[in-house]
Amino acid sequence: MSEHVVDVSWSRGEYEFTYDTYNRDHEWRFDGGITVPGSANPAYLGNPGPVDPEEAFVAALSSCHMLTFLAIAAKKRLVVDSYDDHAVGVMAKNANGKLAITQVTLHPKITFAGEAPDAATLDRIHHLSHEECFIANSVTTEITVVQ
């Protein structure tokens, strides 16, 4: 097993602390030394510049799927030259009537060295990538891959 630690810091600063006025900006500090500015989504009075938690969630799902795909491809001796994804998350009410990221659609574009695998093989690799992705196994969000 492994443990994953992130430090999240926020302070009020000079802002008043009312719902409409408090500052949503904060920082995420990762154990590798990277600091990422975060905020709420602008729809929830956040700053549009930093990463919001919903974007980070979609990015985590996309990244996990990609890393799992690359591992499977490497084990199958399929050489991948590039992998680009345009991931889209949808926030809607879930079965309990609560707002949630209910669906994430991945749109990976993959370039292979040499001949690319056929569509059936590619579908199997994506299916296995989804089944083995740690993040996908941690959530109830519907995740779809569109090639």
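Now for a quick tour of the structure.

With respect to unusual backbone geometry
And then number 1: Phi is positive for Leu-45, close to 70°, though the residue is something other than glycine.
And then number 2: Relative to the helices and strands, Leu-45 is located in the loop between strand S3 (35-38) and helix H1 (53-75).

Quick look at H1
Residues spaced three or four apart along an α-helix point in a common direction, a consequence of the helix completing one turn every 3.6 residues.
And then number 1: Helix length check: H1 (23 residues) gives 33 Å between terminal C-alpha atoms against 33 Å at 1.5 Å per residue, within 8%.
And then number 2: Three or more residues of H1 are buried, namely Val-58, Leu-61, Ser-62, Cys-64, His-65, Thr-68, Phe-69, Ile-72 and Ala-73.
And then number 3: Residues of H1 that are buried sit in contact with strand S4 (80-85), strand S5 (88-93), strand S6 (99-106), strand S7 (108-112), helix H2 (119-132) and strand S8 (142-145).
And then number 4: With a side-chain oxygen positioned 3.0 Å from the backbone nitrogen of Glu-54, the residue opening H1 is Asp-52.
And then number 5: Downstream of H1 by a residue or two, Arg-77 has a phi angle that is positive, lying close to 60°.

Looking at a nonpolar patch on the surface
And then number 1: The grouping of Tyr-19, Tyr-44, Leu-45, Met-91 and Leu-99 at the surface amounts to a nonpolar patch, some 500 Å² of accessible area in total.
And then number 2: Position of Tyr-44 relative to the elements: it lies in the loop between S3 and H1.
And then number 3: The exposure class of Tyr-44 is partly exposed, given its relative accessible area of 36%.

Some words on the pattern of salt bridges
And then number 1: Using the criterion set out here, one finds one salt bridge in the structure.
And then number 2: A salt bridge links Glu-27 to Arg-29, with the shortest nitrogen-to-oxygen separation between them at 3.6 Å.
And then number 3: Relative accessible area serves as the criterion here: at 36%, Glu-27 is assigned to the partly exposed category.

Parameters at a glance
Counting restarts for each chain, with residues numbered from 1 along the sequence as it is written. Per-residue local features of the predicted model are confined to residues with pLDDT of at least 70, and side-chain atom pairs are confined, for both listing and counting, to 80 or more; whole-chain, interface and lining totals are unaffected and use all residues. Water and hydrogen atoms were dropped before computing side-chain values, which therefore reflect all heavy atoms in the structure. Secondary structure follows DSSP: runs of H or I at least 4 residues long count as helices, runs of E at least 2 residues long count as strands, and numbering of each begins at the N terminus. Expected span, for any helix, means 1.5 Å times one less than how many residues it has. To sort residues, take the accessible area from a 1.4 Å probe on protein chains only and compare it with the maximum for the residue type: under 20% means buried, over 50% means exposed, and anything in between is partly exposed. Residue contacts follow a heavy-atom distance rule, with two residues in contact if any of their heavy atoms lie within 4.5 Å. A 3.5 Å cut-off defines polar contacts: any pair of N or O atoms within that distance qualifies, except that in protein one atom must be a possible hydrogen donor and the other a possible acceptor, and neighbouring residues in sequence count only when both atoms are side-chain atoms. Note that patches include only residues with greater than 30% relative accessible area and no salt bridge, and the join distances are 9 Å for like charges and 5 Å for nonpolar side chains (Val, Leu, Ile, Met, Phe, Trp, Tyr). Here the Shrake-Rupley method, with its probe set to 1.4 Å, supplies the accessible areas, and only the displayed protein chains count as covering residues. Criterion for a salt bridge: a side-chain nitrogen of Lys or Arg within 4 Å of a carboxyl oxygen of Asp or Glu.

Taken by themselves, the reported measurements are silent on function.
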